[in-house]
Amino acid sequence: MQISMWAPYDEKQLRRTLQFILRPQLRLIRILGAVLIALGVALLAVQPLSSLAYVATILGLLFVVAVAPITVALSMRMQSNVIRDGFHMTLDDEWVTLTYPLAESRFRWAGLGRAIETPEVWYIMFGKLQAITIPKDPMTEEQRATFATFVDGVQPRSRR
């Protein structure tokens with residue numbers, strides 16, 4: 001397999017990728033928030049003037065509603081300006097190579113944890129927090145089919 005393509009910077013896609021990566025951690029925070037809300041409501045039912053009940057309820061609401069968007073926004077701001085110029089991606093039988101105007105990253109397929117396909121992209125996971133987004137738009141239908149077959153072959157069987 002040899003696929004080479006240029007991918008422009010896509011802020012919306014970067015935001016979706018960050019949400020995808022952070023989803024498991026944010027799910028736990030939302031569950032904790034729901035527990036705090038339930039605890040706060042139960043405390044309010046028992047003791048309506050309890051300040052602890054109000055604190056638990058408000059903190060729970062913040063965990064459920066505000067933590068995820070704030071975390072993604074902070075993660076977006078922490079991204080290097082190097083990525084804003086787009087990148088050239090080369091996919092071959094051994095490596096994924098991302099070349100930005102001022103930086104380059106290479107990942108060996110042997111380190112692939114799992115691959116998740118969506119209608120727009122493939123998320124190629126190297127570990128739990130390292131994901132590479134491989135966009136489908138710059139690819140031809142033949143390249144998409146070739147890549148899907150390749151990824152299915154290199155993905156560890158337990159992760160499919």
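Above: the structure in question.
Rules used in this analysis
Residues numbered from 1 in each chain as written. Predicted model: local features only at pLDDT ≥ 70, side-chain atom pairs only at ≥ 80, totals over all residues. Heavy atoms only, no water. 1 Å grid on protein atoms, 1.4 Å probe; cavity = no way out; pocket = protein on both sides within 12 Å on 5 of 7 lines; lining within 4 Å. Points joined across faces, edges and corners; volume = space filled by probe spheres on them. Helix = DSSP H or I, 4+ residues; strand = E, 2+ residues; numbered from the N terminus. Nonpolar A, V, L, I, M, F, W, Y, C, P; charged D, E, K, R; others polar. Pairing = 2+ DSSP bridges. Axes fitted to C-alpha atoms, helices over the stretch in contact; angles between N-to-C directions. Contact = heavy atoms within 4.5 Å.

If you had to explain the layout of surface pockets to someone new, which residues and values would you point to?
Looking at the largest pocket, its volume works out to about 750 Å³. In terms of lining, the largest pocket is formed by 30 residues, of which the most central are Leu14, Thr17, Phe87, Tyr100 and Thr133. Elements with a contribution of two residues or more to the lining of the largest pocket: helix H1 (11–46), strand E4 (104–108) and strand E7 (131–135). For the lining of the largest pocket, the leading source of residues is H1, giving six residues. Residue classes in the lining of the largest pocket are distributed as 18 nonpolar, seven polar and five charged.

Lay out the sheet that holds strand E6 (residues 121–125) in plain terms, naming residues and giving numbers.
With antiparallel pairing, three strands are arranged side by side in an open sheet as E5-E6-E7. In the strand order of this sheet, the two ends are held by strand E5 (114–117) and E7, each with one partner. Ignoring which end each strand starts from, the neighbouring axes of this sheet average 20° apart. Strand direction decides the pairing type here: E6 and E7, joined by five bridges, are antiparallel. Pairing of tyrosine 123 across the sheet is with threonine 133, part of E7. Strands E5, E6 and E7 of the sheet are contacted by H1, whose axis makes an angle of about 45° with E6. Along the sheet, helix H4 (residues 141–154) makes contact with E5, E6 and E7, crossing E6 at roughly 25°.

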